[in-house]
Amino acid sequence: MQPFNIYSSHLFTIPLSLQSCIRHPPFPPNSSRFLPSSMFSTPFILSFSLLLSLPILFFLLAPTLHPHPLPPIPLPDELDDLRLFHRATTPSSASSHLSSSSSPKIAFLFLTNTDLYFIPLWNRFFRTAKTSRYNIYVHADPTVNITRPNDTVFYDRFIPNAKRTFRASATLISATRRLLATAILDDPANAYFAVLSQYCVPLHSFNYIYRSLFTSKNFDLTSNSNSESFDWTQYGVRVKYKSFIEIISKEPRLWKRYVARGRFVMMPEVPFEEFRVGSQFFVLTRKHALLVVKDRTLWRKFKLPCYRADECYPEEHYFPTLLSMLDPNRVTHYTLTRVNWTGTVAGHPYMYKPKEVSAKLIYELRKSNYSSSYLFARKFSPDCLRPLMGIADSVIFRD
């Protein structure tokens, strides 16, 4: 093994003047001049050089340790959204499905910045559904070239006021609120609003999902059906029902995410004790969709850029925090979209591959401790389409 050479090491670069001091100290070894001789030993010089290099190292590594925050939402986009939200929350637009002459509908809200990979599967999903029971809305990032198929149920369902989105930023909150407002305005019969992504797939048939949300008395395992009275409309729909949104109050990194914009930035509107986290994919009632679109107070805080971008996932905090503060008793605190967080990489959940797709996987993904079943699942890689289609009728849509 070669001896360690501090002059030729690739780890450290010592100035020539310091190298000279090491080889030829300015004072004799036994000199008792103003400083102890030990200060001119090789370890001291090496430590001193490392100390001088720390500011340079910090400057070079700072972008890695603290990624640059994303830019704030442009003012024109903000004003455009405010006009949309105002129209959606006027009394005539905000009317409940209970006053509609048609049966209640599920609004399927797709949030994407790529092609919708599983359109053939969703086509088959909606094939057996009555068109009077659902609507589809797609928010597609306008800066990305996304295919808009003409011969599917997604034809003409891309909303016109979509804006650019960035992962782990408040733009995802804006996009979701945009979808909710558009669906509220479009059809007063929209009673439930299901937020999905291009990587989501259904785990059941449309009819199973519709019954679970609107008519089942025992789908929600966390509610006490004996203590809750069920009033029904003329369409057989419960008058009082809940939103299915994950709300978690205890999570190891919650404090770091809370102070990602600054230690006191969220105060006084959002004290840490009220700060929550949960999945950005949820199913909201019309009442709660309106609460989200009407909000201005919490949005002023959550839209602020984070100085710690690696700890900033506002789309996972805004919706759980808002509904937990405004109406905690009418939300389930769990989601209906199954996600596998084992082996997560850079904040992304596990992505299933084609060889993993099977009837066994679908049955496993359905299992829930809170409801009779999960209704959706993610993430599936785009090339999972073929094996999923192969088991669609025999497994996925067979209830």
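Right, let's walk through the structure included here.

Cut-off values and rules
Residues numbered from 1 in each chain as written. Predicted model: local features only at pLDDT ≥ 70, side-chain atom pairs only at ≥ 80, totals over all residues. Heavy atoms only, no water. Helix = DSSP H or I, 4+ residues; strand = E, 2+ residues; numbered from the N terminus. Buried < 20%, exposed > 50% of the residue type's maximum accessible area, 1.4 Å probe, protein only. Contact = heavy atoms within 4.5 Å. Areas by Shrake-Rupley, 256 points an atom, 1.4 Å probe, with all protein chains shown as cover. Polar contact = N/O pair within 3.5 Å; in protein donor to acceptor, adjacent residues only side chain to side chain. Arc of directions from axis to C-beta. Core = buried A, V, L, I, M, F, W, Y, C linked by side-chain atoms within 4.5 Å. Axes fitted to C-alpha atoms, helices over the stretch in contact; angles between N-to-C directions. Parallel < 35°, antiparallel > 145°, perpendicular 65-115°, else oblique. Left-handed = near helix turned anticlockwise from the far one by under 90°. Nonpolar A, V, L, I, M, F, W, Y, C, P; charged D, E, K, R; others polar. Disulfide = S-S within 2.5 Å. Phe/Tyr/Trp six-rings, centres within 6.5 Å; stacked < 30°, edge-to-face > 60°. Pairing = 2+ DSSP bridges. Right-handed = clockwise from strand over helix to strand, strands pointing away.

1. A look at the overall build of the protein
In step 1: Counting secondary structure elements, the protein contains 13 helices and nine strands.
In step 2: Across the 399 residues of the protein, 49% fall into the buried class.
In step 3: Looking at the protein alone, contacts between residues at least 24 apart form 80% of all its contacts between residues at least 6 apart.
In step 4: Of the roughly 20,700 Å² of accessible surface on the protein, 57% is carried by carbon and sulfur atoms.

2. A few points about the environment of Arg366
In step 1: Counting through the fold element by element, Arg366 comes out in helix 11 (residues 359-366).
In step 2: Considering only alpha carbons, one finds Arg366 and Leu336, 30 residues apart in sequence, at a separation of 9.4 Å.
In step 3: Residues in contact with Arg366, not counting those within four places in the same chain, are Leu203, His204, Ser373, Tyr374, Val395, Ile396 and Arg398.
In step 4: At 3.1 Å, the side chain of Arg366 forms a polar contact with the backbone oxygen of Ile396.

3. Focus: helix 11
In step 1: For helix 11, every residue scored as buried is listed here: Leu361, Ile362, Leu365 and Arg366. The buried residues of helix 11 occupy one face: seen down the axis, they fall within an arc of 135°.

4. Quick word on the nonpolar core
In step 1: Core analysis: the largest hydrophobic core is formed by 56 residues, its most contacted members being Phe108, Leu121, Leu213, Phe380 and Leu388.
In step 2: No other element matches the six residues that helix 6 (residues 206-214) contributes to this core.
In step 3: Counting residues in hydrophobic clusters, the runner-up holds 45 residues, among them Leu109, Ala162, Ala175 and Leu284.

5. Digging into the side chain of Thr321
In step 1: Note on placement: Thr321 falls in helix 10 (residues 318-326).
In step 2: By relative accessible area, Thr321 is classed as buried at 0%.
In step 3: In terms of polar contacts, Thr321 uses its side chain to reach the backbone amide nitrogen of Arg276, at 3.0 Å.
In step 4: Filtering out sequence-adjacent residues up to four positions away, Thr321 remains in contact with Val270, Glu274, Phe275, Arg276, Leu298 and Phe302.

6. Describing helix 6
In step 1: Of all nine residues that make up helix 6, seven are buried, and the element is covered over most of its length.
In step 2: Buried residues of helix 6: Phe206, Tyr208, Ile209, Tyr210, Ser212, Leu213 and Phe214, and no others.

7. Things to note about the packing of helix 5 (residues 171-186) against helix 8 (residues 286-294)
In step 1: With their axes 9 Å apart at the nearest point, helix 5 and helix 8 run at an angle of 125° to one another. Classified by the angle their axes make, helix 5 and helix 8 are oblique. For the pair helix 5 and helix 8, the sense of crossing is left-handed. Contacts between helix 5 and helix 8 involve Arg177, Leu180, Ala181 and Ile184 from the first element and Arg286, Ala289, Leu290, Val292 and Val293 from the second.
In step 2: Here the contact of helix 5 with helix 8 is built from residues that sort into seven nonpolar, no polar and two charged.

8. Quick notes on the state of the cysteines
In step 1: Taken as a whole, this structure holds one disulfide when the rule is applied.
In step 2: Linked covalently through their sulfurs, Cys306 and Cys312 form a disulfide whose S-S length is 1.9 Å. As the torsion about the S-S bond is roughly 45°, the Cys306-Cys312 disulfide counts as right-handed.
In step 3: Its relative accessible area of 4% is what places Cys306 among the buried residues.

9. A look at the packing of aromatic side chains
In step 1: Counted by the stated rule, this structure contains 34 aromatic pairs.
In step 2: For the pair Phe125 and Phe126, a centre-to-centre distance of 4.9 Å together with 80° between the ring planes defines the contact as edge-to-face.
In step 3: The exposure class assigned to Phe125 is buried, which follows from its relative accessible area of 1%.
In step 4: Overall, the relative accessible area of 2% leaves Phe126 in the buried class.
In step 5: Between the aromatic rings of Tyr334 and Tyr370, the centroid separation amounts to 5.3 Å while the plane-to-plane angle is 20°, which identifies the pairing as stacked.

10. What about the sheet that holds strand 9 (residues 376-378)?
In step 1: Pairing is mixed in the open sheet, where three strands are placed in the order 4-9-8. Of all the strands in the sheet, just strand 4 (201-202) and strand 8 (337-339) have a single pairing partner and so form its edges.

11. Details of the pairing of strand 2 (residues 134-140)
In step 1: Of all seven residues in strand 2, seven are buried, a share of seventy percent or more.
In step 2: Here strand 2 shows two buried faces, one formed by Tyr134, Ile136, Val138 and Ala140 and the other by Asn135, Tyr137 and His139.
In step 3: Sheet analysis places strand 1 (residues 105-112) next to strand 2, joined by seven bridges and oriented parallel. Its bridge partner lying in strand 2, Ala107 is registered against Asn135.
In step 4: Taken together, strand 1, helix 4 (residues 119-127) and strand 2 form a β-α-β motif whose crossover is right-handed.

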